[in-house]
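# Secondary and tertiary structure notes
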Amino acid sequence: MSKAAIDLLYWRDIKQTGIVFGSLLLLLFSLTQFSVVSVVAYLALAGLSATISFRIYKSVLQAVQKTDEGHPFKAYLEMEMNLSQDQIQKYTDCLQLYVNSTVKELRRLFLVQDLVDSLKAQIDQYLGLVRTHMNTVVAKIQAKIPGAKRKAE
């Protein structure tokens, strides 16, 4: 384990550790309330807003001070970020392994190689569908009844 990770775990720098663990806690809480796609989209939007704001701030600061510092992210823009052929091959092989095992398992379930496993998969799908419809019906009924409150799940 790296020294930076150990320093975080042992709370050697309280401010940095608080920021890291607070951010992780906020991320986990967000994932309990919203979908992964929504959380990723909002994080990307927040990052984009922060970088645009910083770029505008630096441009205004350069105009006021009449300096020519250039683009604030120039070092990152000039950084080479290409994957080598070996890296692509390694990731492709790993992806191929996962896709093949998933296809094999789906084939086994859908072509009923084992009747019990296929029935379990089908029952799980139907129970999820029934649960979703029941929650929708209960929510509609509770919305129509004055004073009815939904219990916390």
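So, here is what we can say about the structure in this document. (Residues numbered from 1 in each chain as written. Predicted model: local features only at pLDDT ≥ 70, side-chain atom pairs only at ≥ 80, totals over all residues. Heavy atoms only, no water.)

## What about the environment of V99?
Where we set the bar: A run of DSSP states H or I qualifies as a helix once it reaches four residues; a run of E qualifies as a strand once it reaches two. Both are numbered from the N-terminal end. The buried label applies to any residue whose accessible area, calculated with a 1.4 Å probe on protein chains only, is under 20% of its type's maximum; exposed applies above 50%, and partly exposed to all values in between.
Within the element layout of this structure, V99 appears in helix α5 (residues 85–110). Owing to a relative accessible area of 44%, V99 belongs among the partly exposed residues under this scheme. Along the backbone, V99 and S49 are 50 residues apart, and their C-alpha atoms lie at a distance of 36 Å.

## Considerations on the pattern of salt bridges
Where we set the bar: Every case where a carboxyl oxygen of Asp or Glu lies within 4 Å of a side-chain nitrogen of Lys or Arg is listed as a salt bridge.
One pass over the structure, following the stated rule, counts two salt bridges. In this structure, R12 engages D7 in a salt bridge whose closest nitrogen and oxygen atoms are separated by 2.7 Å. Bridged by salt links that share partners, the residues K3, D7 and R12 form one connected network.

## Describing unusual backbone geometry
With phi around 55 degrees, W11 is a residue other than glycine that occupies positive phi space. Within the secondary structure layout, W11 lies in the loop between α1 (3–9) and α2 (14–33). Of note, the phi angle at K66 is positive, near 55 degrees, even though the residue is not glycine. Overall, the relative accessible area of 73% leaves K66 in the exposed class.

Read these as spatial facts, not as claims about activity.
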